[in-house]
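Observations on the three-dimensional arrangement
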Number of protein chains: 2
Amino acid sequence: MSRIFNFSAGPCTLPLPVIEEAAAEFVDYKDNGMSIIEMSHRSKPYDEVHHEAMTLISELLEIPDNYKVMFLGGGATMQFAMIPMNFLPAGQSCDFTVTGTWGKKAYADAAKVGDTRVIFDGKDVNYLDLPDPSSLEVDPNAAYLHMTSNETIGGIQWKKFPDTDVPIICDISSDFMSRKMPIDKFGMLYAGAQKNAGPAGVAIAIVRDDLMERCPDTLPAYLNYSTHAPKDSMYNTPPVFPIYMVGKTMKWLKSIGGVDAATDLANQRAGLIYGAMEKDSGFYKCPVPEAARSNMNIVFRLPTEDLEKRFIAEALEAGMSGLKGHRSVGGCRASVYNSMPVAGAQALADFMGDFATKNG
Amino acid sequence: MSRIFNFSAGPCTLPLPVIEEAAAEFVDYKDNGMSIIEMSHRSKPYDEVHHEAMTLISELLEIPDNYKVMFLGGGATMQFAMIPMNFLPAGQSCDFTVTGTWGKKAYADAAKVGDTRVIFDGKDVNYLDLPDPSSLEVDPNAAYLHMTSNETIGGIQWKKFPDTDVPIICDISSDFMSRKMPIDKFGMLYAGAQKNAGPAGVAIAIVRDDLMERCPDTLPAYLNYSTHAPKDSMYNTPPVFPIYMVGKTMKWLKSIGGVDAATDLANQRAGLIYGAMEKDSGFYKCPVPEAARSNMNIVFRLPTEDLEKRFIAEALEAGMSGLKGHRSVGGCRASVYNSMPVAGAQALADFMGDFATKNG
């Protein structure tokens, strides 16, 4: 086997030791005579796996006791629906920052459920820049302010969040666990697992108790957060394997030093790749102004589309995959989530240098 | 490793060759230099996995072209919500057969969404028996009739479905692929995967085109079937690993002879266990009348609760787990889904004989 540096935007690379450990114990989980995926979710071994994953998330993100951590199906997309259904009461409206594809989708669902107000729309800057958070005029009566901490397609990331008494609800799928968050600003944080936390198939929702009180009991069971929270997300059969892998990924993150280490590594990776662009700035262009640049999804353009195609093809031959930009915007994109080794970013930076020299 | 006969009601035993194959290819999927769970869901290798799983389900259940197969998150419980939200228009009502825990939950969600009518409630028989389907008085104007083909807790199973022009929507989670179904009676069939189809984390929904036309575009994206069907359940990142395992399990089912073989094996397993009860009928009692007995979840009582406890403990020592009845009803239960080897049912039948002899 020759392991590839996988720059896919998600599902994406996971830590090799995590993958290897899961493979090794897959057929017979800890001498129980069966696989972890064959076990009742009410069994002791799975119960331990489930609660350990939950506890590690709280511990690593330093989540206070007045928040509940939940594991839910349907990805972050399902949260786009559940959030307004639970937290946007009739007669109140919510504020949105529409910063890219993910913000747009979250907004579209909220607009189907209740009253909304867009306080920032990145349309005029092609979703390639973000405003100063202090410039956002949040309605003090808003039910919540929705934000997307990082947009994977535009390659932009909020570095700070606005000061407001309105609870912020934030989609942190694409930079989950890559930095400390000022938790108490947030009524809710949520993330699909398949970028920074594990494989696809589970979303993590972290909800503050005062928001939980809003959940209307007119909602069908699965769609109500208050169905899941008191049962530790065991009201119905949870997505066992994705949660098990999230737990292992969190354990690995803890072993390398937790979120502070993740931030440091993210800065190293981003520094290498943005640095390579700067070194050959006549050849590579980053369409995002420096202040808004994501250190999770790094987008760049080459002089021509033809060169971009060759860049992507030759990178693959050199053991680097997933560098094609999203089909809606073209260009190149390197997604460098928590599990991407710095060596991967180094290899890409070196390759960028060589490619520019040969083709510049 | 000593593999156990795992009689858990779900998640449950899966075919050993399927588990072993997944373990063997987990670290490097088919020389792609990464695990299947690290791959973009838009990549060619995953796309093949996804569509093969979908095609195998259609092929094995002989689903006509005017039905769509979907993979969704949130389990069958999430379907309890989506079904009335999509298929129960204002001004129409739907009919329900409330046959046990699962029927009750499906009903409770529909009642939150719209008008409902219960045409059978098993309360008076403690959810341990079913009526003749021809006795059901279906409202000819009902939006649909909801049924649960097999109740895992009561251990009861519909052997036939009523003749009606009203589309039947049926939860087949616990006997999926164990028998041929008269598909054209059904507007929709759905199943959580974690009993007969694979691991937890994905539900399979099979919906007829004329029902798809009812999906209201006022629903948030994830909750609308018409978001998923035209995109082959790739609107958002699907639960990759659960779908991959469903595909492998379906391939295994095809290799052993498909649904007809599954029916034959189910009859063999059920025959062995119900036969063991009959042989020691002074010791074992099945609370379910013969005509309604499930061949997936086989419930039985021993003379005392103390003997039941010993039975379950000694069975575990003899390599058979998961025989405790559901906490809400007590007693014993052997869940024998498609992946349970006949040898497992034989071992249990033998053990039942020995235990009755020693303790009878």
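Rules behind the numbers
- Residues numbered from 1 in each chain as written.
- Chains lettered and ligands numbered in written order.
- Predicted model: local features only at pLDDT ≥ 70, side-chain atom pairs only at ≥ 80, totals over all residues.
- Heavy atoms only, no water.
- Helix = DSSP H or I, 4+ residues; strand = E, 2+ residues; numbered from the N terminus.
- Rg over C-alpha atoms; globule rule 2.2 N^0.38 Å.
- Buried < 20%, exposed > 50% of the residue type's maximum accessible area, 1.4 Å probe, protein only.
- Contact = heavy atoms within 4.5 Å.
- Areas by Shrake-Rupley, 256 points an atom, 1.4 Å probe, with all protein chains shown as cover.
- Polar contact = N/O pair within 3.5 Å; in protein donor to acceptor, adjacent residues only side chain to side chain.
- Buried area = accessible area lost by both parts, 1.4 Å probe.
- Salt bridge = Lys/Arg side-chain N within 4 Å of Asp/Glu carboxyl O.
- Nonpolar A, V, L, I, M, F, W, Y, C, P; charged D, E, K, R; others polar.
- Least-squares fit on C-alpha atoms with pLDDT ≥ 70 in both.
- Domains from an automatic or database assignment.
- Core = buried A, V, L, I, M, F, W, Y, C linked by side-chain atoms within 4.5 Å.
- Pairing = 2+ DSSP bridges.
- Axes fitted to C-alpha atoms, helices over the stretch in contact; angles between N-to-C directions.
- pLDDT = per-residue confidence, 0-100.
- Expected span 1.5 Å × (residues − 1).
- Bend = angle between axes of the 7 residues up to and from the residue.
- Parallel < 35°, antiparallel > 145°, perpendicular 65-115°, else oblique.
- Left-handed = near helix turned anticlockwise from the far one by under 90°.

**Brief notes about the overall build of chain A**
- Each helix and strand counted, chain A has 10 helices and 13 strands in total.
- Relative to its length of 360 residues, chain A is compact, with a C-alpha radius of gyration of 21 Å against a globular reference of 21 Å.
- Counting only C-alpha atoms, chain A reaches 65 × 55 × 30 Å along its principal axes.
- Across the 360 residues in chain A, those meeting the buried criterion constitute 62%.
- When contacts within chain A are restricted to residue pairs at least 6 apart in sequence, long-range pairs at least 24 apart make up 67% of them.
- Of the roughly 13,200 Å² of accessible surface on chain A, 49% is carried by carbon and sulfur atoms.

**Comments concerning the environment of B:Y190**
- Its place among the elements puts B:Y190 in strand β9 (residues 186–192).
- Note on B:Y190: relative accessible area 1%, which makes it buried.

**Regarding the environment of A:M320**
Residues and elements named next belong to chain A.
- Looking at where M320 falls in the secondary structure, it is placed in strand β12 (residues 320–321).
- Taking the C-alpha atoms as reference points, M320 and A345, separated by 25 residues in sequence, lie 9.9 Å from one another.
- Contacts of M320, omitting those with residues within four sequence positions, involve I4, F5, F7, A315, A347, L348 and F351.

**Quick word on the side chain of A:T237**
- Within the secondary structure, A:T237 is located in the loop between α6 (225–228) and α7 (240–255).
- Overall, A:T237 belongs to the buried group, its relative accessible area being 17%.
- Within polar-contact distance, the side chain of A:T237 engages the side chain of B:Q194 at 3.3 Å.
- Setting aside residues no more than four positions away along its own chain, A:T237 makes contact with A:H41, B:P11, B:Q194 and B:A200.

**Points about the interface of chain B and chain A**
- The partner chain A presents 62 residues to the 62 residues of chain B that form the contact.
- When the buried area of chain B at its contact with chain A is split by residue, B:V27, B:I37 and B:E38 rank highest and sum to 13% of it.
- Note that A:E38 is salt-bridged to B:R3, the shortest N-O span being 2.6 Å.
- The interface formed by chain B and chain A includes 22 residue pairs in polar contact (both at pLDDT 80 or more).
- Tallied by class, the residues present in the side of chain B that touches chain A amount to 32 nonpolar, 20 polar and 10 charged.

**Structural notes on the relation of the copies chain B and chain A**
- Expressed as a screw operation, the relation of chain B to chain A combines 0.0 Å of axial shift with a rotation of 180°, fitting to an RMSD of 0.0 Å. The superposition operator between the copies reduces to a two-fold rotation axis.
- A shared interface surface links the copies, since 100% of the contact residues of chain B are contact residues in chain A too.

**Section: the domain arrangement of chain A**
Residue and element names in this part refer to chain A.
- What the domain assignment lists for chain A is domain 1 (17–255) and domain 2 (258–359).
- Here domain 1 and domain 2 have C-alpha centroids that lie 27 Å from each other.
- Tallying the contact residues gives 26 residues for domain 1 and 23 residues for domain 2.
- For the pair domain 1 and domain 2, the summed buried surface comes to about 2,000 Å²; carbon and sulfur atoms form 54% of the total.
- Seen at the junction of domain 1 and domain 2, the total is one salt bridge.
- Summed over the shared surface of domain 1 and domain 2, the number is 13 residue pairs in polar contact (both at pLDDT 80 or more).
- Elements that contribute at least two residues to the side of domain 1 that touches domain 2 include exactly α2 (44–61), β6 (150–151), β7 (156–157) and α7.
- Looking at which element gives the most residues to the side of domain 1 that touches domain 2, the answer is α7, with three residues.
- Residues belonging to the side of domain 1 that touches domain 2 are distributed by class as follows: 10 nonpolar, eight polar and eight charged.

**Regarding the nonpolar core**
- A:I57, A:F311, B:I57 and B:F311 are the most contacted members of the largest nonpolar core, which has 192 residues in total.
- If sequence neighbours within four positions are ignored, B:I57 has contacts with B:I63, B:V69, B:F71, B:F176, B:M177, B:I204, B:I206, B:V246 and B:M250.

**Focus on the sheet that holds strand β10 (residues 203–208) of chain B**
Residues and elements named next belong to chain B.
- One open sheet accounts for seven strands, arranged β2-β10-β9-β8-β5-β3-β4; its pairing is mixed. The two strands at the open ends of the sheet, each matched to only one other strand, are β2 (67–72) and β4 (115–121). Sheet twist, expressed as the average angle between the axes of neighbouring strands with direction ignored, equals 20°.
- Sheet analysis places strand β3 (residues 93–98) next to β4, joined by six bridges and oriented parallel.

**Describing the pattern of salt bridges**
- Counted by the stated rule, this structure contains 30 salt bridges over all chains.
- The partner of B:R310 in a salt bridge is B:E314, and the shortest N-O contact between them spans 3.7 Å. With B:R310 and B:E314 both in helix α9 (residues 305–317), this residue pair falls four residues apart, about one helical turn.
- Judged by relative accessible area, which is 35%, B:R310 ranks as partly exposed.
- Here the salt bridges share partners, and the residues they tie into one network are A:E21, A:E25 and A:K248.

**Let's talk about the confidence of the model for chain A**
- Of all residues in chain A, 100% have pLDDT values of 70 or greater, and the mean over the chain is 97.
- Across the interface, the model reports ipTM at 0.98; the global pTM reads 0.98.

**Comments concerning helix α3 (residues 75–87) of chain A**
All names here are of chain A.
- Here α3 spans 18 Å end to end across 13 residues, near enough to the 18 Å set by a 1.5 Å rise per residue.
- The axis of α3 is deflected most strongly, by about 25°, at A81, and proline P84 appears within four residues downstream.
- By the criterion of burial, α3 is predominantly enclosed, with 13 of the 13 residues buried.

**Some thoughts on the packing of helix α9 (residues 305–317) of chain A against helix α10 (residues 342–359) of chain A**
Residues and elements named next belong to chain A.
- In contact at an axis separation of 11 Å, α9 and α10 are set at 135° when each is read in the N-to-C sense. Taken as axis vectors, α9 and α10 run oblique relative to one another. Crossing angle aside, the handedness with which α9 passes α10 is right-handed. Two secondary-structure elements touch here, α9 through L307, R310, F311, E314 and A315 and α10 through L348, F351, M352, F355 and N359.
- Of the residues belonging to the contact of α9 with α10, the class tally is seven nonpolar, one polar and two charged.

**Thoughts on the sheet that holds strand β4 (residues 115–121) of chain A**
Residues and elements named next belong to chain A.
- One open sheet accounts for seven strands, arranged β2-β10-β9-β8-β5-β3-β4; its pairing is mixed. The sheet is open, and its two edges are formed by β2 (67–72) and β4, each paired on a single side. Adjacent strand axes in the sheet meet at a mean angle of 20° when their direction is disregarded.
- Across four bridges, strand β5 (residues 145–148) lies against strand β8 (residues 168–171) in parallel orientation. Bridge pairing in β8 links M147 to C170.
- Packing of helix α4 (residues 101–113) onto the sheet brings it into contact with β3 (93–98), β4, β5, β8 and β9 (186–192), and relative to β3 it is tilted by some 160°.

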